[in-house]
Amino acid sequence: MTSVTPSITAAPSSPEAPTIRKTAWRAVLMLSLVVMAAGVVRLAFSPLQEAAKAELNLSDYQISLIQGIAAALPVALVAIPLGWLTDHSKRTRLMMILGIIWTVGMVGTAFAQSFEQIFLARMLAGLGAMSIVPVAISVLSDLSVPESRGRAMLFVSMGNTFGPALAFVGGGALVTAFAAGLDLPGLALTPWRETALVIGLASAVLLIPQMLVREPVRHEVENAGASLKAMARALWARRRFLLPLFVGQISVIMADAAAGVWAVPVLQRDLGQSVGQAAALLGGLLLLAGILGPVIGGFVADRGHKSSVRGGILIGAIVASAIGVPAALFPLVTGVPAFAVVLFLLLMAGSMTGLITATAIAVLVPNEERGICLGAFMILGALIGLGLSPMLVSLGSQALGGEAHLAPALAIVGVVTGLVSLAGFVLAMINAPDRPVPA
């Protein structure tokens, strides 16, 4: 995920050191562009999967493995080491290495000739693209002061949502254009392959802003010399808060991941939409949700953090997860406009809870434990949230009678995970620390 330099953990402030910090908004913006590039790669295969399925003669179950386990397994294996490196190494260089990995994976997708090859390519793409977020959150935590951290986090959250939106809108437009006769000079590739190649090359260009972000000084460090074992014990001591928080957000990830993988096929198979129409619709919804959800979530998180209510920072997550339960029924809606409205509610709720969860970790967990905390979250989120949910939908459709029953299987997975997420956030709020980590 990897060679990094020694730790740059900040030493205790001297009497002459400045005591006033300001949020580095320019660096936060550049960081959000890097996260956006990762988001593009992470879901770039979704609008292309039906064409790839036909060309490579794949089943829905194989697609679920490519979209789920291929990305989730390597992330889960490296999550804890990555978390330790995040807490003890130069994070900006680590981010660049991850960017190179996802670019290689995306370009490799364009040239894969079998299930095994495309599985490997998506492993690399997912490994880099999914691993960048906790590292970016760690950097952002030191670029911003606690009082504005929710608002700073919304920029990264919006980048994390704009990326997938651009993947659908741009991917759908490109594959339509290539199918209509536009070709890359000197290459004899099918439209979905040409699209994957263009996205891979474009993601390399979007790594440039990453070079402009300098490694920030670490703040809010309780014990910079703590060992991995000591930090794990510290996180275990917070388990009554962190475990239900993880359950709540991972369940949201399951619903959103299932929708991201299977919404376009449902639109194509059940509602007669073309790949361009379906991808543009989902991309537009992701874009709109990526604006409203993080904005609302960021301000709600900051307001809840300032309130006297214990765990008040999670109030918005509870409300959003409650909205997500009925919204998970979107696959059963028969009209395209109504389908879009209900799916939008689900996506907006997911973007809100994601930002609020990240903000809660950034505010309520000490700096030197955040990387390990997010690493543990990545393992569970990758294996369960991203790896398992696409498979559950495909297995569910088989249990209901075959691939023609994709829509009801997707709805069932969404509703069940929505109820679990609601219970998790409620328990996390009840068991939240009495007060945040001192700045």
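For the structure, see preceding data.
As a starting point, this report considers the structure included with it. (Residues numbered from 1 in each chain as written. Predicted model: local features only at pLDDT ≥ 70, side-chain atom pairs only at ≥ 80, totals over all residues. Heavy atoms only, no water.)

1. Comments concerning empty space enclosed by the protein
Part 1: The computed volume of the largest cavity comes to approximately 1100 Å³.
Part 2: In this structure, the largest cavity is lined by 48 residues; those nearest its centre are R42, N160, Q249, I253 and L386.
Part 3: Split into classes, the residues belonging to the lining of the largest cavity amount to 33 nonpolar, 12 polar and 3 charged.
Part 4: Approximately 80 Å³ is the volume found for the second largest cavity. (1 Å grid on protein atoms, 1.4 Å probe; cavity = no way out; pocket = protein on both sides within 12 Å on 5 of 7 lines; lining within 4 Å. Points joined across faces, edges and corners; volume = space filled by probe spheres on them. Nonpolar A, V, L, I, M, F, W, Y, C, P; charged D, E, K, R; others polar.)

2. A few points about the packing of aromatic side chains
Part 1: On inspection of all chains with the given rule, the structure shows 3 aromatic pairs.
Part 2: Taking 6.4 Å as the distance between ring centres and 75° as the angle between the ring planes, the aromatic pair formed by F45 and W192 counts as edge-to-face. Of the two residues, F45 sits in the loop between helix 1 (25–43) and helix 2 (49–56) while W192 sits in helix 8 (residues 191–205), which places them 147 residues apart along the sequence.
Part 3: Judged by relative accessible area, which is 2%, W192 ranks as buried.
Part 4: Relative to F119, the ring of F115 lies with its centre 5.8 Å away and its plane at 50°, an arrangement referred to as tilted. (Phe/Tyr/Trp six-rings, centres within 6.5 Å; stacked < 30°, edge-to-face > 60°. Helix = DSSP H or I, 4+ residues; strand = E, 2+ residues; numbered from the N terminus. Buried < 20%, exposed > 50% of the residue type's maximum accessible area, 1.4 Å probe, protein only.)

3. What to know about the nonpolar core
Part 1: In this structure, W102 and L343 are the most contacted members of the largest nonpolar core, which totals 92 residues.
Part 2: With residues near it in sequence (within four places) discarded, L343 still touches A259, A263, L282, L285 and F330.
Part 3: Counting residues in each nonpolar core, the second largest holds 24 residues, with F246, L314, I318 and M429 among its members. (Core = buried A, V, L, I, M, F, W, Y, C linked by side-chain atoms within 4.5 Å. Contact = heavy atoms within 4.5 Å.)

4. Focus on the pattern of salt bridges
Part 1: Enumeration over the complete set of coordinates arrives at 5 salt bridges.
Part 2: For R269, the salt bridge goes to E50, with nearest N and O atoms at 3.1 Å. Within this pair, whereas R269 is found in helix 11 (residues 239–270), its partner E50 is found in helix 2, the two being separated by 219 residues in sequence.
Part 3: D60 serves as the salt-bridge partner of K53, at 2.9 Å between the closest nitrogen and oxygen.
Part 4: The exposure class of D60 is buried, given its relative accessible area of 1%. (Salt bridge = Lys/Arg side-chain N within 4 Å of Asp/Glu carboxyl O.)

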